[in-house]
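Report on the structure
This is what each chain is made of:
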Amino acid sequence: MEDPTLGQIDTRLIQTAVIGGRDSDQPVILPEQPHHLDEFVREFGRDDFWCGTLLGGCGEPLRPKRYVTKVCHFAHGADPGRGECHRTSHSAADADHLFVKAHVARWLAGQGDAAQGELRSFGHCHGDAVVFRLRRTKTHLRFELHPEDYRSWRRAADSLGAKAGRIEWVFGRDDALARDMVARRGYALLVRCETEGNDRRVFIGTVTDGKKTPWAPLEHCRMTESGLVTPALEELRAAGAVRDDGLGREPFPSSVALPGGQVVFAVDAEAAPPSASPLHVPGRRLVPGFVKPAGSRIVRACLSLPDTVPEPTEQYVYRLAGSVRPRRPGRVARRGGPGHTGERTAPVHAGRPFRGRPAPALPPGASRLRPGARP
């Protein structure tokens, strides 16, 4: 019979560790209930658990603690000479980058792709992204578990696409990045993990506009020359509702409302204004960047501003005051010379000054640009 006090879980307790050494990438989850812990110890023993460096831990040994009146958990040894551990993530989900790395590698191997995942950090944790390089199909399979802001991701996507060829993106949340992908190819892929015993099972979701996201276990999906294919994606392709290699294409046509006082704008410092535009008029200037209306996805745009308005900078996002009117599309050139291609934009006419706001005015996935180059 389960102890009734187990419903009160102390989230500070360590539930994950690695086995095989301090720098191991083999994660395990300690069961919370004592009878499950007994089975766990019979399988793994007691002396090969570590506060892994890839979990953000100190690398010191951990010991399983068995309790009846509270949840079982890992704990550091009572060594007076041990330094302080600064690990901040203790739950099962905080080891998802290692579970994704292990499960996807086995899944790929079963399909003839001997690829080992590489962990990437953007400042959140040791596994903000997990990347697999598939030589057979010349594809990079990239799981963005904790993505950076939208502008950094767009730059990275353009750069990686130019160097690596095809990239299959799988996102950790349905945010601005995923919605950009939906706009370009009709769908986006998500990843999540669910605890099963002392493991985390990997699921892949297929996001489309206006529909509930269907999820499928990773083992029910396939890796093909055209990318990662879920059962739901098979149906979408059969219906002609999606297109492949959409990242380099313009988004599908859509209507973007621009409600007054509910539109934010961020400068794209690496873009140059279009050389020819109907908004090139005396007394106004064009500023390339990204527009995010409330309730809509992020779109690339050039903002037409009166010369009396101070020049906006990329250190902030801005909320547009007063009326905001869209004009016909044009193209914006990427800085770097004549070899750079343009991308279609929607010029936006702003008749009143900005009210400057700090970066949190944009939602997660489209916030203030943080310094540092991505790999």
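Residues numbered from 1 in each chain as written. Predicted model: local features only at pLDDT ≥ 70, side-chain atom pairs only at ≥ 80, totals over all residues. Heavy atoms only, no water.

Counting its secondary structure elements, the protein chain contains 5 helices and 24 strands. Buried positions account for 51% of the 375 residues belonging to the protein chain. Surface accessibility of the protein chain: about 18200 Å² in total, with carbon and sulfur atoms responsible for 51%. (Helix = DSSP H or I, 4+ residues; strand = E, 2+ residues; numbered from the N terminus. Buried < 20%, exposed > 50% of the residue type's maximum accessible area, 1.4 Å probe, protein only. Areas by Shrake-Rupley, 256 points an atom, 1.4 Å probe, with all protein chains shown as cover.)

Quick look at the nonpolar core now. Of all hydrophobic cores here, the largest spans 28 residues; its most connected members are Phe 132, Leu 141, Phe 143 and Ile 204. Broken down by secondary-structure element, the contributors of at least two residues to this core are α2 (96-109), β7 (129-134), β8 (139-144), β10 (188-196), β11 (199-207), β14 (227-229) and α5 (231-238). When neighbours within four sequence positions are excluded, Phe 132 is seen to be in contact with Val 100, Lys 101, Val 104, Ala 105, Leu 108, Ala 115, Gln 116, Gly 117, Thr 139, His 140, Leu 141 and Phe 143. (Core = buried A, V, L, I, M, F, W, Y, C linked by side-chain atoms within 4.5 Å. Contact = heavy atoms within 4.5 Å.)

Turning our attention to helix α4 (residues 176-185). Most of α4 sits out of view: 9 of its 10 residues are buried. Among the residues making up α4, those that are buried are Ala 176, Leu 177, Ala 178, Asp 180, Met 181, Val 182, Ala 183, Arg 184 and Arg 185. Where α4 begins, the capping side chain belongs to Asp 175, and its oxygen is found 3.1 Å from the backbone nitrogen of Leu 177. (Polar contact = N/O pair within 3.5 Å; in protein donor to acceptor, adjacent residues only side chain to side chain.)

As summarised here, the arrangement of the 7 strands in space is β6-β7-β8-β9-β10-β11-β12, forming an open sheet in which the pairing is mixed. What marks the edges here is a single partner per strand, and that holds for β6 (118-120) and β12 (215-217). Across the sheet, the mean angle separating the axes of adjacent strands is 30° when strand polarity is ignored. Looking at chain direction, strand β9 (residues 166-171) and β10 are connected through 2 bridges and run parallel. (Pairing = 2+ DSSP bridges. Axes fitted to C-alpha atoms, helices over the stretch in contact; angles between N-to-C directions.)

Following the sequence through the fold, Thr 16 ends up in strand β1 (residues 16-19). Apart from residues lying up to four places away in sequence, Thr 16 is in contact with Val 28, Ile 29, Leu 55, Leu 62, Phe 74, Arg 87, His 90, Ser 91, Ala 92 and Ala 95.

Turning to the state of the cysteines, a few remarks are in order. A complete count under the given rule lists 0 disulfides for this structure. Distance from the sulfur of Cys 85, which forms no disulfide, to the nearest cysteine sulfur (Cys 58) is 3.7 Å. (Disulfide = S-S within 2.5 Å.)

On to the pattern of salt bridges, then. Counted according to the given criterion, the structure contains 18 salt bridges. In this structure, Glu 118 engages Arg 133 in a salt bridge whose closest nitrogen and oxygen atoms are separated by 3.0 Å. Here Glu 118 is found in strand β6, whereas its partner Arg 133 is found in strand β7, with 15 residues between them in sequence. By sharing partners, the salt bridges in this structure join Glu 118, Arg 120 and Arg 133 into a single network. (Salt bridge = Lys/Arg side-chain N within 4 Å of Asp/Glu carboxyl O.)

It is worth spelling out the sheet that holds strand β2 (residues 27-29) at this point. Ordered in space as β2-β1-β3, the 3 strands form an open sheet in which the pairing is antiparallel. Edge strands, defined here as strands with exactly one partner in the open sheet, are β2 and β3 (49-50). As defined by bridge partners, β1 adjoins β3 across 2 bridges and the pair is classed as antiparallel. Counterpart to Val 18 in the pairing with β3 is Trp 50. Contacts from helix α1 (residues 34-44) reach β1, β2 and β3, with the element oriented near 155° to β2.

The full count for this structure, using the stated rule, is 7 aromatic pairs. Taking 5.2 Å as the distance between ring centres and 50° as the angle between the ring planes, the aromatic pair formed by Phe 49 and Phe 74 counts as tilted. Here Phe 74 lies in strand β5 (residues 73-76) and Phe 49 lies in strand β3, a separation of 25 residues in the sequence. Across the pair, exposure class does not vary: Phe 49 and Phe 74 are buried alike. Arranged with centres 6.5 Å apart and planes meeting at 55°, the rings of Tyr 316 and Tyr 318 form a pair that is tilted. Residue classification places Tyr 316 among the partly exposed residues on the basis of a relative accessible area of 40%. Put simply, the rings of Phe 40, Phe 44, Phe 49 and Phe 74 pair up and form one aromatic cluster. Its guanidinium or amino end placed over the ring of Tyr 67, Lys 70 lies 4.5 Å from that ring's centre, counting from NZ or CZ. Sitting above the plane of the Phe 203 ring, Arg 192 keeps its charged end 5.8 Å from the centroid. (Phe/Tyr/Trp six-rings, centres within 6.5 Å; stacked < 30°, edge-to-face > 60°. Lys NZ or Arg CZ within 6 Å of the ring centre and 35° of its normal.)

Summing up the model confidence of the protein chain, the mean pLDDT is 76 and the portion of residues at 70 or higher is 71%. Of the regions scoring below 50 in pLDDT, residues 330-347 engages in 52 contacts with residues more than four places distant in sequence or in other chains. In this model, residues 349-375 is a region of pLDDT below 50 whose contacts with residues beyond four sequence positions or in other chains number 89 contacts. (pLDDT = per-residue confidence, 0-100.)

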